[in-house]
Amino acid sequence: MVDISTAPQSPPIPTDGPWAVRTRRFGEVSKQVLRNPTTVAGLVIIVLLLAVAFLAPLLTTPNVPDPYQMPRDWGTRDAPPGTPGHLLGTTSTGGDVLYGVLWGARTSLQLSVIVVSITVTVGVIVGSLAGFIGGRLDEILMRIVDVFLSIPELIFALAIAAVLGPSFTNIIFALSVVFWVKYARIIRGQIIHIKQNDYVDAARVTGDSKFRIYLKDVLPNSITPVMVQATLDMGGIVLTAATLSFIGLAQAGLAEWGVLVSDGQAGISAGKWWASTFPGMMVFLWALAFNLVGDGLRDVLDPRTEGR
Amino acid sequence: MTAAAPAAGGTDVIRSPLVASVEGLKVHFGTKGGRIHAVDGVSFDIRDGETLGLVGETGCGKSVTARSFLRLVQSPPGIYAGGRIRFWSSLARRTGADPVDLLSISQDDLLDIRGNRIAMIFQDPGKALNPALSIREQVAEVFYQHRSDDLLYGLADDPPLIIRRAAGQRARGLERLLLKLPPLRGHAAKLRSRVDVHVAEALAETQIANPRKIMDSYPHELSGGMKQRVMIAQALACNPDLLIADEPTTALDVTIQAKILELIRQLQHRHQTSVLYISHDLSLIRQTSDRVAVMYAGRIAEVGDSDAIFSDPLHPYTRGLLAAVPSASHKRGGLAAIEGNVPELVDPPPSCHFHTRCPFAVELCRSLDPELEMVNGHGVACFAHASAEHLGVMPEELPSFAKRTR
Amino acid sequence: MQIREYILRRLMILPLIVVGTSIIVFSLSRVGGNPIAIYLEHEMTPAEVAEIEERYGLNEPLPVQYLAWAGGVLTGDMGWSAVSAQPVTEALFSRIGATLEMAIFAAIVAITLGIGLGTFGGARRDRLPDHLTRIFSISGASMPIFWFAILLLILFWVNLGWFSTGRSSPEIFASIAHPTGLYTVDALLAGNLGAFLNAIRFLTLPAITLGFGATAIIARMMRSSLVEELNEDYVDAARAKGLPERLVLRRHARRNALIPTVTVIGLGFGFLLQGTVVVEIIFRWPGIGRWMADAVLRGDQATIMAYVLFTSILFLSVNLIVDVMYAYLDRRVVLGG
Ligand SMILES: Nc1ncnc2c1ncn2[C@@H]1O[C@H](COP(=O)(O)OP(=O)(O)OP(=O)(O)O)[C@@H](O)[C@H]1O
Ligand code: SF4
Ligand SMILES: [Mg+2]
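Residues numbered from 1 in each chain as written. Chains lettered and ligands numbered in written order. Predicted model: local features only at pLDDT ≥ 70, side-chain atom pairs only at ≥ 80, totals over all residues. Heavy atoms only, no water.

Asker: How do you make sense of the site of ligand 2 when you look at a structure like this?
Answerer: What surrounds ligand 2 is the set His-315, Pro-316, Cys-352, Phe-354, His-355, Cys-358, Ala-361, Cys-365, Cys-382, Phe-383 and Pro-399 of chain B. The class makeup of the residues in the shell around ligand 2 is nine nonpolar, two polar and no charged. (Near = heavy atom within 4 Å. Nonpolar A, V, L, I, M, F, W, Y, C, P; charged D, E, K, R; others polar.)

Shown next, in the form of structure tokens:
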């Protein structure tokens, strides 16, 4: 039969290696990402929040000796917003809400960067071992992952932080224990997927060692989903940490948003809304911004998993 | 013949009345890169009882043209940018009523025509059936939608309103609950068994062996050929005046293809249905079609009786296609004989869309749209067949098959 | 047939995961230092301490201690809950009704609202309703529950006075019996409409707060799978049959879009579970979430262990049910490991 469905000339098949493809894609990706207005909004909020975090020592007088502790002004307690010297009011213990809001950004930035670095590293190592070596090791590691996933995140972190006792360092530790699991899963899935791809075989034929193949082909190709997840987690970690400290697992008086909301909670029935409202809004903005950007990234990098 | 029939066909041939007439149809897609002129001024007629074959290579706009009949082009990004599709239903032909323009009638009128007067079969029966509904439910929908009066007739002297609404698929949440409860349950069951009879009949018509059993299955339990039979049963359930078959056998095995084609032909004769048959397979088109329209890059290149097209092709594109036909040696090589690229359809300038590949192209072809000129029902859109006088140019400026430019 | 095998296999894996989880839970209790601390009082002699160690088996090797604890859990003995001054099992069962009632209402809110919103947005892709749905669902995933709860309280309790914290009005609580522990059900059993409305009034804010995050997750999934389904050929085929858009959406596209949406209901349930801790603190709700929060602050390990084990088993079970539902709904699914 005569089938005229095929166009006369098919486009040339690109002959560059994966790196070339990736560098070309980077420009495209950022262009596409910037085309989405909600992603841009998220980026703008992130820039503002980072500016706040970096400029906090200039915008306020750092508390001595520890700037991460709230300064107490016992003379002006429960001052409403607009009070001279206390733009956003004060808490029931005389803490300046503005100070907490600004330094909270610094606390959150440190927290999220530390936890994301730890969890990505651990996750990538575990996932790589499982995916690349496979076999029994894979079996065992993945069952461990299953077990970790069987406890809802916040509850797991809450239990760990609880047995370790209330302190911000323990919150960081607890979050690190809980959040690495997703990365291990992502990396393992990607590796197994890529291992079946042809050019890894090609590399094998050319006699590259397994480890070189891993470094050159497998790892760089697994990075995009990890990037998306890490962006989302930058928000999720601050959200979870704030929840833990709201429940009471950070040391009292820390300049951290969850602690401030918790301090302000008692006052709301008496109409003192500000001490909870402003810090809570910061948590929301932080999580929102990273979710917007992570979402936009996912739409562009991996449109098929959108919304899953 | 209706007075409104266009100039197609001379006085010599007596042709049957028109069922549909596409005139200057333009369908565009708004994209970030510009407007894709997917269908860019297409005209052809479909006459009573005939099969019109629409042939062209992938992406030339066949499906978009077909979907325009039922306004099924996704919009946005699709835009109906011009032209009209006139349609004479059998009733209109009998009463001498005016045709309707499918592109401008109201949504309600359109729903009345879809699946009732004009039906469509899709390329991949596996995707065109809903995986979550049983065959019974899917075929029954057509009867509920278009034959609710027949279903109610004789069911009861004066069926309750809610039953009438159920027969027309208008029953809502609470009503559907009531239909399951005692006073109405009997009526509802009777209604359902009546529909079942119709569904079984429709399936039996497509030579499905055990219709009652098939009715209860789900699409994934059936073979591809079986699914396409169900689609055909569904399409012909209401005796449509026009059946649009968009590559109905492309997704099927070769052995099943022949059976499905035969089935469509039989049913077409029995039901007196006109068919718009779309394919990119020339030999299939030759087998099935009374007349053929050759489409290229959003336009009709040539249209005429099947015999005329295959024995005496006029357009360089058609000639190129046919020159490649007999060679069994290259399997899919239909167009290997014609060099060059299909032009971009984004905001094309006026020109013959085929000029990038045409061995006879001259300057004129690159700056002017050739019109589809009809002589004795055979139309061709190529300056080599145009009259210099009519165009207002010198005869040597026209392309001629004597001189090849490449 | 196939589905039955699948369920069996999942049911066989479940205990393994539960054992793994229980090991984690047990290890947690030992990471935090010697659990004996909670039993000790000032001025105890070494002999007395040793006696307590002996009594609770704390001088045995860890695996033996684990087995002893696990055996206890299996026979319903999970130790003494210091925060509620009663055995853990009793405390758990006296509080579970409150949490369950709130979670059920929140789930109803989340599922109906989530599916409704997702359909609303997905059917109007890239138009205003779609953008609003998207903003709503991203906000939902970013919203600190504790802040949202406080905002609602500031508005509806402090300023408008429509709702309040707690679980029911005292005089109404006293007026009916509470055989099930679910106040709405108890009120209906007693045939007391006033008590029912009272229970609903107290439930409203907590259920909305708790359901917000899950609503967002479900809406988002519903939206994207509806968009996907609306691009399928069978939708056009349904239109080509002459069906009105209402039926095309309801009977054809939405039915299929619901199938993948079911999978996130498990995830949404996890959101609900962990949300109860905060919501119960803020709304003074006497459920197991607040019990856990108290235990956390007081370092009551028996309670923490019981709570974590209980919720994770609940979470696992719901996910199992969801998977089975999915396999059943999606007739095309090829069941695999
Ligand atoms: N939803 C859409 N969005 C943008 N462009 C579209 C869309 N649908 C069709 N097109 C454009 O219309 C052109 C014609 O498409 P159409 O499906 O009609 O081709 P076809 O002739 O049926 O090809 P095939 O043989 O592959 O079915 C395509 O080349 C494409 O550029
Ligand atoms: S000769 Fe000119 S008008 Fe005719 S097909 Fe070739 S390019 Fe088109
Ligand atoms: Mg097509």
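Here the narrative resumes.
Asker: Would you mind going over the packing of helix α2 (residues 37-59) of chain A against helix α11 (residues 274-301) of chain A with me for this structure?
Answerer: In a packed pair of helices, the relevant descriptors are the angle between the two axes and the axis-to-axis distance. Residue and element names in this part refer to chain A. It is at 8 Å that the axes of α2 and α11 come closest, and there the two elements cross at 135°. It follows from the interaxial angle that α2 and α11 lie oblique. Note on packing geometry: the crossing formed by α2 with α11 is left-handed. Seen from α2, the contacting residues are Thr-38, Thr-39, Gly-42, Leu-43, Ile-45, Ile-46 and Leu-49; seen from α11, they are Met-282, Leu-285, Trp-286, Ala-289, Phe-290, Leu-292, Val-293 and Gly-296. In the contact of α2 with α11, the residues fall into eleven nonpolar, four polar and no charged. (Axes fitted to C-alpha atoms, helices over the stretch in contact; angles between N-to-C directions. Helix = DSSP H or I, 4+ residues; strand = E, 2+ residues; numbered from the N terminus. Parallel < 35°, antiparallel > 145°, perpendicular 65-115°, else oblique. Left-handed = near helix turned anticlockwise from the far one by under 90°. Contact = heavy atoms within 4.5 Å.)

Asker: What am I meant to see in unusual backbone geometry here?
Answerer: A negative phi angle is the norm for most residues apart from glycine, just as the trans form is the norm for most peptide bonds. All names here are of chain B. At Gln-207, a residue that is not glycine, the phi angle is positive and equals roughly 60°. Relative to the helices and strands, Gln-207 is located in the loop between α9 (182-205) and α10 (211-215). For Gln-207, a relative accessible area of 45% puts it in the partly exposed group. Even without being a glycine, Asp-347 presents a positive backbone phi close to 40°. Here Asp-347 is to be found in the loop between α15 (316-323) and β11 (373-375). (Buried < 20%, exposed > 50% of the residue type's maximum accessible area, 1.4 Å probe, protein only.)

Asker: Teacher, can you tell me more about the sheet that holds strand β8 (residues 274-279) of chain B here?
Answerer: Sheet strands pair by backbone hydrogen bonding; their relative direction is either parallel or antiparallel. All names here are of chain B. Strand order across the open sheet formed by eight strands is β6-β7-β8-β3-β9-β10-β12-β11, with mixed pairing between neighbours. The sheet terminates laterally at β6 (118-121) and β11, the two strands that pair on one side only. Each neighbouring strand pair of the sheet contributes to a mean axis angle of 20°, computed without reference to strand direction. Here strand β9 (residues 291-296) pairs with strand β10 (residues 299-305) via six bridges, running antiparallel. Paired with Tyr-296 across the bridge in β10 is Arg-299. (Pairing = 2+ DSSP bridges.)

Asker: Hey, could you run me through the interface of chain C and chain A in this one?
Answerer: By a widely used convention, the size of an interface equals the accessible area lost when the partners come together. The partner chain A presents 49 residues to the 46 residues of chain C that form the contact. Summing the contributions of chain C and of chain A, the shared interface buries around 4,100 Å²; its carbon and sulfur component is 74%. Interface area lost by chain C to chain A is led by Phe-146, Trp-147 and Gln-274 of chain C, which between them contribute 16%. Salt-bridge contacts for Asp-295 of chain A lead to Arg-220 of chain C; the nearest nitrogen and oxygen are separated by 2.9 Å. The interface formed by chain C and chain A includes seven residue pairs in polar contact (both at pLDDT 80 or more). Contributing elements (two or more residues each) for the side of chain C that touches chain A: α1 (2-31), α5 (128-142), α6 (145-159), α9 (193-230), α11 (245-282), α12 (288-298) and α13 (301-329) of chain C. Here the residues of the side of chain C that touches chain A are counted per class, giving 31 nonpolar, eleven polar and four charged. (Buried area = accessible area lost by both parts, 1.4 Å probe. Salt bridge = Lys/Arg side-chain N within 4 Å of Asp/Glu carboxyl O. Polar contact = N/O pair within 3.5 Å; in protein donor to acceptor, adjacent residues only side chain to side chain.)

Asker: Just checking my understanding: could you explain the packing of aromatic side chains for this structure?
Answerer: Centre distance and the angle of the planes are the two values used to describe a pair of aromatic rings. Residues and elements named next belong to chain C. Taken as a whole and judged by the stated rule, the model has 21 aromatic pairs over all chains. Pairing Phe-26 with Trp-69 gives two aromatic rings, centres 5.9 Å apart and planes at 35°, and the pair type is tilted. Here Phe-26 is found in helix α1, whereas its partner Trp-69 is found in helix α3 (residues 62-74), with 43 residues between them in sequence. The buried category is assigned to Phe-26, whose relative accessible area is 6%. Overall, Trp-69 belongs to the buried group, its relative accessible area being 15%. With 6.1 Å between their ring centres and 45° between their planes, Tyr-66 and Trp-69 make a pair best called tilted. (Phe/Tyr/Trp six-rings, centres within 6.5 Å; stacked < 30°, edge-to-face > 60°.)

Asker: Would you mind going over the sheet that holds strand β1 (residues 18-31) of chain B with me for this structure?
Answerer: Residues and elements named next belong to chain B. Spatial ordering of the open sheet is given by β2-β1-β4-β5, a layout of four strands whose pairing is antiparallel. Since the sheet does not close on itself, it has two edges, and those belong to β2 (34-47) and β5 (100-101), each with one partner. When β1 meets strand β4 (residues 78-87), the two strands line up antiparallel, connected through eight bridges. Counted as the bridge partner of Lys-26 is Gly-82 from β4.

Asker: What should I look at first to understand the interface of chain C and chain B in this one?
Answerer: With 19 residues of chain C at the contact, the number on the chain B side is 30 residues. Between chain C and chain B, the buried area comes to about 2,300 Å², and carbon and sulfur atoms account for 52% of it. A salt bridge links Asp-236 of chain C to Arg-67 of chain B; the nearest nitrogen and oxygen atoms lie 2.9 Å apart. At the boundary of chain C with chain B, the tally comes to 14 residue pairs in polar contact (both at pLDDT 80 or more). Elements represented by at least two residues in the side of chain C that touches chain B include exactly α10 (233-240) and α11 of chain C. Here the side of chain C that touches chain B is composed, by residue class, of six nonpolar, four polar and nine charged.

Asker: Please clarify how the site of ligand 1 should be interpreted in this entry.
Answerer: Residue and element names in this part refer to chain B. The environment of ligand 1 is formed by 15 residues, the closest being Thr-58, Gly-59, Lys-62, Ser-63 and Val-64. In this structure, an oxygen atom belonging to ligand 1 sits 2.8 Å away from a main-chain N or O atom of Gly-59. Sorting the residues of the shell around ligand 1 by element identifies β2 and α1 (62-69) as the ones contributing at least two each. Among the elements that make up the shell around ligand 1, the one with the highest residue count is α1 (three residues). Broken down by class, the residue content of the shell around ligand 1 amounts to six nonpolar, six polar and three charged.

Asker: Help me understand the pairing of β8 of chain B, please; the structure alone is not making it clear to me.
Answerer: One face of the sheet, then the other: side chains in a regular strand alternate in exactly this way. Residue and element names in this part refer to chain B. With six of its six residues buried, β8 lies for the most part within the structure. Here β8 shows a buried face lined by Ser-274, Leu-276 and Ile-278 and a second buried face lined by Val-275, Tyr-277 and Ser-279. Judged from the five bridges that link them, strand β3 (residues 51-55) and β8 form a sheet pairing that is parallel. Considered in β8, the bridge of Leu-54 is made with Ile-278. Judged from the five bridges that link them, strand β7 (residues 242-246) and β8 form a sheet pairing that is parallel. Bridge assignment links Asp-246 to a residue of β8, and that residue is Ile-278.

Asker: Just to check I follow, could you spell out the nonpolar core for this structure?
Answerer: One finds Leu-111 and Leu-175 of chain A together with Phe-146 and Ile-282 of chain C to be the most contacted residues of the largest nonpolar core, which totals 165 residues. Among the elements that take part in this core, helix α3 (residues 97-133) of chain A stands out by supplying 15 residues, more than any other. Apart from the residues lying within four places of it in its own chain, the contact partners of Leu-111 of chain A are Phe-168, Ile-172, Leu-175, Ile-237, Val-238 and Ala-241 of chain A. With 116 residues, the next largest nonpolar core counts Leu-54, Ile-121, Ala-140 and Ile-162 of chain B among its residues. (Core = buried A, V, L, I, M, F, W, Y, C linked by side-chain atoms within 4.5 Å.)

Asker: Help me understand the pairing of β4 of chain B, please; the structure alone is not making it clear to me.
Answerer: Bridge count between β4 of chain B and β5 of chain B: two bridges; the pairing is antiparallel. The residue bridging Arg-86 of chain B from the neighbouring strand is Asp-101 of chain B, located in β5 of chain B.

Asker: Can you help me understand the pattern of salt bridges in this one?
Answerer: Residues and elements named next belong to chain B. Applying the stated criterion across every chain, the model contains 29 salt bridges over all chains. As a salt-bridge pair, Arg-93 and Asp-48 come within 3.2 Å of each other at their nearest N and O atoms. Of this pair, Arg-93 sits in helix α2 (residues 90-95) while Asp-48 sits in the loop between β2 and β3, placing them 45 residues apart in sequence. What makes Asp-48 partly exposed here is its relative accessible area of 28%.

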